[in-house]
Amino acid sequence: MPVYKDEKQGTWFASFYYQNWKGERIKKMKRGFQTKRAALDWEREFLQKTAADLSMTFKSFVELYIKGMRGRIREHTWQTKENIIQKKLIPYFGRKKMNEIQTKDVIAWQNEMLAHRDAKGKGFSDTYLKTLHNQLSAVLNHAVRHYDLKSNVASKVGPIGKKEVKEMLFWTKDEYLKFADAMMDKPVSYYAFEILYWCGLRLGELLALTPADFDFGKETISVTKSYQRLHGEDVVTEPKTAKSNRVINMPKFICEEIQEYLKMLYGVQPNDRIFTITKSYLHHEMDRGSKAAGVKRIRIHDLRHSHVSLLIEMGFSALAIADRVGHPSRVDFTNELYPQIFMVAPSLVRHPDVEFEYQQVSETASVTPQAHIIITAHTNNEIIFFISE
(Lines give C-alpha, C1' and ligand atoms only; values in the text may rest on other atoms or scores of the structure.)
Protein backbone atom coordinates (compact mmCIF):
# COMPACT_ATOMS: atom_id res chain seq x y z
CA MET A 1 0.00 0.00 0.00
CA PRO A 2 2.23 2.83 -1.23
CA VAL A 3 1.63 6.47 -0.39
CA TYR A 4 3.24 9.45 -2.04
CA LYS A 5 4.87 12.74 -1.14
CA ASP A 6 3.50 15.94 -2.63
CA GLU A 7 6.74 17.84 -3.03
CA LYS A 8 4.99 21.15 -3.78
CA GLN A 9 2.78 21.13 -0.69
CA GLY A 10 5.11 19.20 1.56
CA THR A 11 2.28 16.78 2.46
CA TRP A 12 1.49 13.13 1.75
CA PHE A 13 -1.33 11.56 -0.25
CA ALA A 14 -2.80 8.10 -0.73
CA SER A 15 -3.71 6.84 -4.19
CA PHE A 16 -4.91 3.30 -4.83
CA TYR A 17 -7.54 1.08 -6.43
CA TYR A 18 -10.19 -0.93 -4.65
CA GLN A 19 -13.15 -3.11 -5.61
CA ASN A 20 -16.62 -1.82 -4.71
CA TRP A 21 -19.69 -3.92 -3.85
CA LYS A 22 -20.56 -4.20 -7.57
CA GLY A 23 -17.18 -5.74 -8.31
CA GLU A 24 -15.99 -2.60 -10.12
CA ARG A 25 -12.38 -1.42 -9.81
CA ILE A 26 -12.41 2.13 -8.43
CA LYS A 27 -9.56 4.58 -7.96
CA LYS A 28 -9.39 6.38 -4.62
CA MET A 29 -7.23 9.36 -3.72
CA LYS A 30 -6.97 11.57 -0.65
CA ARG A 31 -4.45 14.39 -0.10
CA GLY A 32 -3.25 16.63 2.70
CA PHE A 33 -1.74 14.23 5.25
CA GLN A 34 1.01 15.76 7.35
CA THR A 35 2.93 12.48 7.71
CA LYS A 36 3.45 9.31 5.72
CA ARG A 37 2.13 7.31 8.67
CA ALA A 38 -1.15 9.25 8.69
CA ALA A 39 -1.66 8.58 4.98
CA LEU A 40 -0.96 4.87 5.44
CA ASP A 41 -3.31 4.66 8.43
CA TRP A 42 -6.13 6.32 6.48
CA GLU A 43 -5.63 3.97 3.49
CA ARG A 44 -5.64 0.90 5.73
CA GLU A 45 -8.82 2.00 7.54
CA PHE A 46 -10.57 2.74 4.25
CA LEU A 47 -9.78 -0.68 2.83
CA GLN A 48 -10.83 -2.38 6.06
CA LYS A 49 -14.18 -0.63 5.97
CA THR A 50 -14.65 -1.53 2.32
CA ALA A 51 -13.89 -5.18 3.07
CA ALA A 52 -15.85 -5.06 6.37
CA ASP A 53 -12.68 -6.18 8.15
CA LEU A 54 -13.36 -6.03 11.89
CA SER A 55 -9.77 -5.22 12.67
CA MET A 56 -10.90 -1.68 11.84
CA THR A 57 -11.30 0.74 14.72
CA PHE A 58 -14.58 1.36 16.52
CA LYS A 59 -14.58 4.90 15.12
CA SER A 60 -14.35 3.60 11.56
CA PHE A 61 -17.05 1.02 12.14
CA VAL A 62 -19.35 3.75 13.45
CA GLU A 63 -19.24 5.28 9.97
CA LEU A 64 -20.60 2.00 8.58
CA TYR A 65 -23.21 1.91 11.33
CA ILE A 66 -24.32 5.45 10.47
CA LYS A 67 -24.59 4.61 6.76
CA GLY A 68 -26.66 1.55 7.53
CA MET A 69 -28.96 3.02 10.17
CA ARG A 70 -29.44 6.76 9.72
CA GLY A 71 -32.05 6.54 6.98
CA ARG A 72 -34.09 4.06 9.02
CA ILE A 73 -34.50 6.26 12.10
CA ARG A 74 -36.43 9.50 12.58
CA GLU A 75 -34.14 12.53 12.44
CA HIS A 76 -34.98 13.72 15.95
CA THR A 77 -34.20 10.26 17.37
CA TRP A 78 -31.04 10.03 15.32
CA GLN A 79 -29.72 13.32 16.73
CA THR A 80 -29.89 11.83 20.23
CA LYS A 81 -28.15 8.64 19.13
CA GLU A 82 -25.42 10.50 17.27
CA ASN A 83 -24.77 12.80 20.21
CA ILE A 84 -24.21 9.77 22.45
CA ILE A 85 -21.98 8.10 19.87
CA GLN A 86 -19.79 11.14 19.32
CA LYS A 87 -19.56 12.33 22.94
CA LYS A 88 -19.77 9.16 25.02
CA LEU A 89 -18.66 6.21 22.91
CA ILE A 90 -16.01 7.35 20.43
CA PRO A 91 -13.88 9.18 23.03
CA TYR A 92 -13.47 5.88 24.89
CA PHE A 93 -13.72 3.12 22.25
CA GLY A 94 -12.77 5.11 19.12
CA ARG A 95 -9.21 3.79 18.67
CA LYS A 96 -9.91 0.24 19.81
CA LYS A 97 -10.21 -2.42 17.12
CA MET A 98 -13.71 -3.86 16.87
CA ASN A 99 -12.54 -7.45 17.25
CA GLU A 100 -10.41 -6.60 20.28
CA ILE A 101 -13.02 -4.87 22.46
CA GLN A 102 -13.47 -7.02 25.56
CA THR A 103 -15.91 -7.19 28.46
CA LYS A 104 -13.31 -5.54 30.70
CA ASP A 105 -13.29 -2.53 28.35
CA VAL A 106 -17.08 -2.20 28.62
CA ILE A 107 -16.95 -2.50 32.42
CA ALA A 108 -14.28 0.20 32.63
CA TRP A 109 -16.37 2.47 30.40
CA GLN A 110 -19.48 1.81 32.47
CA ASN A 111 -17.57 2.72 35.62
CA GLU A 112 -16.53 6.02 34.05
CA MET A 113 -20.13 6.80 33.16
CA LEU A 114 -21.28 5.89 36.68
CA ALA A 115 -18.58 8.07 38.23
CA HIS A 116 -19.34 11.13 36.07
CA ARG A 117 -20.32 14.28 37.94
CA ASP A 118 -21.14 17.69 36.52
CA ALA A 119 -20.13 21.06 37.98
CA LYS A 120 -22.92 20.74 40.56
CA GLY A 121 -21.83 17.26 41.58
CA LYS A 122 -24.75 15.57 39.87
CA GLY A 123 -24.31 12.29 38.00
CA PHE A 124 -26.17 10.89 35.02
CA SER A 125 -29.73 9.72 35.66
CA ASP A 126 -30.52 6.01 35.66
CA THR A 127 -32.53 6.45 32.49
CA TYR A 128 -29.64 8.18 30.69
CA LEU A 129 -27.14 5.54 31.87
CA LYS A 130 -29.38 2.85 30.45
CA THR A 131 -29.66 4.78 27.18
CA LEU A 132 -25.85 5.07 26.94
CA HIS A 133 -25.39 1.33 27.38
CA ASN A 134 -28.18 0.54 24.93
CA GLN A 135 -26.49 2.65 22.25
CA LEU A 136 -23.15 0.87 22.69
CA SER A 137 -24.98 -2.44 22.51
CA ALA A 138 -26.81 -1.31 19.36
CA VAL A 139 -23.53 -0.56 17.55
CA LEU A 140 -22.05 -3.92 18.56
CA ASN A 141 -25.26 -5.75 17.64
CA HIS A 142 -25.03 -4.20 14.18
CA ALA A 143 -21.53 -5.65 13.87
CA VAL A 144 -22.72 -9.08 15.04
CA ARG A 145 -25.70 -9.23 12.69
CA HIS A 146 -24.21 -7.76 9.55
CA TYR A 147 -20.41 -8.03 9.80
CA ASP A 148 -19.90 -11.34 11.65
CA LEU A 149 -18.50 -9.98 14.89
CA LYS A 150 -18.36 -13.03 17.18
CA SER A 151 -20.34 -11.59 20.07
CA ASN A 152 -21.75 -8.44 21.65
CA VAL A 153 -19.59 -7.91 24.71
CA ALA A 154 -21.84 -5.11 25.97
CA SER A 155 -24.71 -7.58 26.12
CA LYS A 156 -22.51 -10.03 28.05
CA VAL A 157 -21.66 -7.38 30.64
CA GLY A 158 -25.27 -6.30 31.08
CA PRO A 159 -26.79 -2.82 31.36
CA ILE A 160 -26.28 -0.03 33.83
CA GLY A 161 -29.02 2.25 35.04
CA LYS A 162 -32.69 1.49 34.74
CA LYS A 163 -35.81 2.87 33.19
CA GLU A 164 -37.40 5.33 35.58
CA VAL A 165 -41.10 4.95 36.18
CA LYS A 166 -42.45 8.49 36.41
CA GLU A 167 -45.77 9.40 37.92
CA MET A 168 -48.32 9.73 35.16
CA LEU A 169 -50.40 12.89 35.42
CA PHE A 170 -53.65 13.51 33.63
CA TRP A 171 -56.69 15.75 33.82
CA THR A 172 -60.23 14.62 34.42
CA LYS A 173 -62.79 15.92 31.93
CA ASP A 174 -63.93 18.55 34.42
CA GLU A 175 -60.36 19.78 34.90
CA TYR A 176 -59.82 19.99 31.16
CA LEU A 177 -63.06 21.92 30.61
CA LYS A 178 -61.97 24.49 33.19
CA PHE A 179 -58.62 24.81 31.41
CA ALA A 180 -60.31 25.08 27.99
CA ASP A 181 -62.50 27.94 29.21
CA ALA A 182 -59.35 29.84 30.23
CA MET A 183 -57.90 29.32 26.74
CA MET A 184 -60.78 30.73 24.73
CA ASP A 185 -59.23 34.19 24.58
CA LYS A 186 -56.60 32.86 22.15
CA PRO A 187 -58.20 30.81 19.34
CA VAL A 188 -54.98 29.16 18.12
CA SER A 189 -54.24 27.90 21.64
CA TYR A 190 -57.82 26.85 22.30
CA TYR A 191 -58.23 24.83 19.10
CA ALA A 192 -54.79 23.21 19.45
CA PHE A 193 -55.60 22.00 22.97
CA GLU A 194 -59.06 20.85 21.88
CA ILE A 195 -57.52 18.46 19.34
CA LEU A 196 -54.86 17.26 21.78
CA TYR A 197 -57.41 16.42 24.48
CA TRP A 198 -60.41 15.14 22.50
CA CYS A 199 -58.45 13.30 19.78
CA GLY A 200 -55.32 12.13 21.64
CA LEU A 201 -52.74 13.29 19.09
CA ARG A 202 -49.06 13.62 19.86
CA LEU A 203 -47.74 17.19 19.80
CA GLY A 204 -45.69 16.63 16.63
CA GLU A 205 -48.76 15.16 14.91
CA LEU A 206 -50.83 18.21 15.88
CA LEU A 207 -48.24 20.68 14.57
CA ALA A 208 -48.07 18.84 11.22
CA LEU A 209 -51.82 19.02 10.53
CA THR A 210 -53.01 20.66 7.31
CA PRO A 211 -56.53 21.39 6.01
CA ALA A 212 -56.17 18.38 3.70
CA ASP A 213 -55.94 16.08 6.73
CA PHE A 214 -59.56 16.82 7.72
CA ASP A 215 -62.58 15.15 6.15
CA PHE A 216 -65.49 17.05 7.65
CA GLY A 217 -68.04 14.93 5.80
CA LYS A 218 -66.76 11.76 7.46
CA GLU A 219 -65.70 13.66 10.60
CA THR A 220 -62.16 12.27 10.52
CA ILE A 221 -58.54 13.37 10.85
CA SER A 222 -55.85 11.54 8.87
CA VAL A 223 -52.63 11.34 10.88
CA THR A 224 -49.82 10.76 8.38
CA LYS A 225 -46.92 12.95 9.49
CA SER A 226 -45.13 14.65 12.37
CA TYR A 227 -43.55 18.10 12.72
CA GLN A 228 -40.22 18.84 14.37
CA ARG A 229 -37.90 21.81 14.55
CA LEU A 230 -34.37 20.59 13.79
CA HIS A 231 -31.23 22.70 13.30
CA GLY A 232 -33.38 25.82 13.06
CA GLU A 233 -35.54 24.41 10.24
CA ASP A 234 -39.10 23.10 10.02
CA VAL A 235 -39.01 19.37 9.32
CA VAL A 236 -42.06 17.22 8.57
CA THR A 237 -41.39 13.50 8.83
CA GLU A 238 -43.23 10.21 8.99
CA PRO A 239 -45.09 9.65 12.27
CA LYS A 240 -43.33 8.06 15.24
CA THR A 241 -44.20 4.47 14.27
CA ALA A 242 -45.96 2.68 11.41
CA LYS A 243 -48.96 2.20 13.70
CA SER A 244 -49.12 5.98 14.14
CA ASN A 245 -50.47 6.30 10.59
CA ARG A 246 -54.17 6.25 11.32
CA VAL A 247 -57.55 7.85 10.72
CA ILE A 248 -59.20 9.26 13.84
CA ASN A 249 -62.89 10.02 14.17
CA MET A 250 -63.60 13.43 15.66
CA PRO A 251 -66.47 14.51 17.89
CA LYS A 252 -68.94 16.54 15.84
CA PHE A 253 -68.25 19.68 17.87
CA ILE A 254 -64.52 19.40 17.00
CA CYS A 255 -65.44 19.29 13.32
CA GLU A 256 -67.43 22.49 13.75
CA GLU A 257 -64.68 24.19 15.75
CA ILE A 258 -61.94 23.36 13.24
CA GLN A 259 -64.06 24.59 10.34
CA GLU A 260 -64.48 27.87 12.23
CA TYR A 261 -60.74 28.02 12.89
CA LEU A 262 -59.84 27.41 9.21
CA LYS A 263 -62.02 30.36 8.22
CA MET A 264 -59.81 32.55 10.43
CA LEU A 265 -56.65 31.56 8.53
CA TYR A 266 -56.32 33.99 5.65
CA GLY A 267 -55.22 32.36 2.39
CA VAL A 268 -54.46 28.97 3.96
CA GLN A 269 -53.80 26.28 1.34
CA PRO A 270 -54.76 22.58 1.60
CA ASN A 271 -51.19 21.51 2.43
CA ASP A 272 -50.25 24.43 4.69
CA ARG A 273 -49.67 23.71 8.36
CA ILE A 274 -52.57 25.18 10.35
CA PHE A 275 -50.78 25.42 13.71
CA THR A 276 -47.62 27.41 12.96
CA ILE A 277 -46.79 27.75 16.64
CA THR A 278 -43.88 26.39 18.62
CA LYS A 279 -43.71 23.82 21.37
CA SER A 280 -42.41 26.48 23.74
CA TYR A 281 -45.46 28.62 22.95
CA LEU A 282 -47.79 25.80 23.95
CA HIS A 283 -45.76 25.13 27.11
CA HIS A 284 -46.22 28.79 28.04
CA GLU A 285 -49.94 28.54 27.33
CA MET A 286 -50.19 25.44 29.53
CA ASP A 287 -48.66 27.47 32.37
CA ARG A 288 -51.02 30.37 31.78
CA GLY A 289 -54.16 28.28 31.42
CA SER A 290 -53.45 25.99 34.37
CA LYS A 291 -52.92 28.96 36.65
CA ALA A 292 -56.01 30.79 35.41
CA ALA A 293 -58.22 27.69 35.71
CA GLY A 294 -56.86 26.66 39.10
CA VAL A 295 -55.99 23.13 37.93
CA LYS A 296 -52.76 21.23 38.44
CA ARG A 297 -50.05 21.81 35.83
CA ILE A 298 -49.47 18.81 33.58
CA ARG A 299 -47.22 18.38 30.57
CA ILE A 300 -48.55 18.80 27.04
CA HIS A 301 -48.01 15.08 26.44
CA ASP A 302 -50.16 14.41 29.50
CA LEU A 303 -53.15 15.61 27.48
CA ARG A 304 -52.70 12.40 25.51
CA HIS A 305 -52.77 10.50 28.80
CA SER A 306 -55.90 12.46 29.71
CA HIS A 307 -57.56 11.34 26.48
CA VAL A 308 -56.70 7.73 27.29
CA SER A 309 -58.05 8.20 30.81
CA LEU A 310 -61.32 9.55 29.39
CA LEU A 311 -61.79 6.46 27.20
CA ILE A 312 -60.80 4.05 29.95
CA GLU A 313 -63.25 5.55 32.41
CA MET A 314 -65.96 5.07 29.79
CA GLY A 315 -65.07 1.37 29.70
CA PHE A 316 -63.28 0.86 26.40
CA SER A 317 -60.75 -1.92 25.93
CA ALA A 318 -56.99 -1.40 25.82
CA LEU A 319 -56.93 -2.89 22.32
CA ALA A 320 -59.34 -0.34 20.89
CA ILE A 321 -57.72 2.61 22.68
CA ALA A 322 -54.22 1.60 21.58
CA ASP A 323 -55.44 1.55 17.97
CA ARG A 324 -57.00 5.00 18.33
CA VAL A 325 -53.89 6.68 19.76
CA GLY A 326 -51.54 4.84 17.39
CA HIS A 327 -49.55 2.85 19.92
CA PRO A 328 -47.49 0.06 18.30
CA SER A 329 -47.87 -2.55 21.07
CA ARG A 330 -51.16 -3.22 22.78
CA VAL A 331 -49.42 -5.27 25.48
CA ASP A 332 -46.93 -2.49 26.35
CA PHE A 333 -49.77 0.03 26.15
CA THR A 334 -51.52 -1.63 29.11
CA ASN A 335 -48.61 -3.03 31.11
CA GLU A 336 -45.95 -0.33 30.72
CA LEU A 337 -47.42 2.98 29.59
CA TYR A 338 -50.79 3.19 31.29
CA PRO A 339 -50.95 0.79 34.26
CA GLN A 340 -51.75 3.65 36.65
CA ILE A 341 -54.66 4.89 34.56
CA PHE A 342 -56.03 1.39 33.99
CA MET A 343 -56.13 0.98 37.77
CA VAL A 344 -58.42 4.03 38.08
CA ALA A 345 -61.48 2.19 36.78
CA PRO A 346 -60.75 -1.55 37.07
CA SER A 347 -64.42 -2.53 37.18
CA LEU A 348 -64.99 -0.96 33.78
CA VAL A 349 -61.82 -2.28 32.20
CA ARG A 350 -62.29 -5.86 33.32
CA HIS A 351 -65.90 -6.13 32.21
CA PRO A 352 -66.23 -5.73 28.42
CA ASP A 353 -70.03 -5.98 28.42
CA VAL A 354 -70.61 -2.47 29.73
CA GLU A 355 -73.45 -0.92 27.74
CA PHE A 356 -73.19 2.47 26.06
CA GLU A 357 -75.53 4.66 24.11
CA TYR A 358 -75.68 3.38 20.54
CA GLN A 359 -77.43 5.26 17.76
CA GLN A 360 -77.68 2.86 14.87
CA VAL A 361 -79.74 -0.34 14.87
CA SER A 362 -80.45 -1.01 18.52
CA GLU A 363 -80.71 1.18 21.60
CA THR A 364 -77.74 -0.46 23.30
CA ALA A 365 -74.65 -2.37 22.22
CA SER A 366 -72.00 -4.22 24.15
CA VAL A 367 -68.31 -3.42 23.78
CA THR A 368 -66.09 -6.35 22.83
CA PRO A 369 -62.29 -6.46 22.47
CA GLN A 370 -62.84 -6.33 18.69
CA ALA A 371 -65.09 -3.26 18.87
CA HIS A 372 -64.17 -0.25 16.79
CA ILE A 373 -64.61 2.99 18.74
CA ILE A 374 -65.87 6.04 16.93
CA ILE A 375 -66.38 9.34 18.74
CA THR A 376 -69.30 10.83 16.89
CA ALA A 377 -71.10 13.54 18.77
CA HIS A 378 -71.04 15.92 21.71
CA THR A 379 -74.10 16.92 23.69
CA ASN A 380 -74.06 18.88 26.94
CA ASN A 381 -70.36 18.18 27.46
CA GLU A 382 -70.89 14.41 27.08
CA ILE A 383 -69.36 12.27 24.35
CA ILE A 384 -71.63 9.82 22.46
CA PHE A 385 -69.95 6.84 20.77
CA PHE A 386 -70.91 4.53 17.92
CA ILE A 387 -69.63 1.02 18.48
CA SER A 388 -69.18 -1.07 15.35
CA GLU A 389 -67.76 -4.60 15.15
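Please refer to the structure higher up on the page.
Small disclaimer: the values here were computed from a predicted structure and weren't measured.

**Considering the packing of aromatic side chains**
Consideration 1: Taken as a whole and assessed by the stated rule, the structure comprises 20 aromatic pairs.
Consideration 2: Their ring planes at 40° and their centres at 6.5 Å tell us that tryptophan 171 and tyrosine 176 sit as a pair that is tilted. With respect to class, tryptophan 171 is no different from tyrosine 176; both count as buried.
Consideration 3: Its guanidinium or amino end placed over the ring of phenylalanine 13, arginine 31 lies 4.5 Å from that ring's centre, counting from NZ or CZ.

**Some points on empty space enclosed by the protein**
Consideration 1: A complete count under the given rule lists 1 cavity of 30 Å³ or more for this structure.
Consideration 2: The computed volume of the largest cavity comes to approximately 30 Å³.
Consideration 3: What lines the largest cavity is simply Leu196, Leu201, Arg202, Leu203, Ile300, His301 and Arg304.
Consideration 4: Residue composition of the lining of the largest cavity, by class: 4 nonpolar, 1 polar and 2 charged.

**So, unusual backbone geometry**
Consideration 1: Notably, glutamate 219 is not glycine yet its phi reads approximately 60°, a positive angle.
Consideration 2: Along the polypeptide, glutamate 219 turns up in the loop between β4 (214–215) and β5 (220–223).

**Brief notes about the side chain of serine 306**
Consideration 1: Along the chain, serine 306 falls in helix α12 (residues 302–313).
Consideration 2: Of the polar contacts made by the side chain of serine 306, one reaches the backbone nitrogen of tryptophan 171; its length is 2.8 Å.
Consideration 3: Each residue touching serine 306, except ones within four places of it in the same chain, is listed here: Phe170, Trp171, Tyr197 and Ile298.

The rules behind these values
Residues numbered from 1 in each chain as written. Predicted model: local features only at pLDDT ≥ 70, side-chain atom pairs only at ≥ 80, totals over all residues. Heavy atoms only, no water. Phe/Tyr/Trp six-rings, centres within 6.5 Å; stacked < 30°, edge-to-face > 60°. Buried < 20%, exposed > 50% of the residue type's maximum accessible area, 1.4 Å probe, protein only. Lys NZ or Arg CZ within 6 Å of the ring centre and 35° of its normal. 1 Å grid on protein atoms, 1.4 Å probe; cavity = no way out; pocket = protein on both sides within 12 Å on 5 of 7 lines; lining within 4 Å. Points joined across faces, edges and corners; volume = space filled by probe spheres on them. Nonpolar A, V, L, I, M, F, W, Y, C, P; charged D, E, K, R; others polar. Helix = DSSP H or I, 4+ residues; strand = E, 2+ residues; numbered from the N terminus. Polar contact = N/O pair within 3.5 Å; in protein donor to acceptor, adjacent residues only side chain to side chain. Contact = heavy atoms within 4.5 Å.

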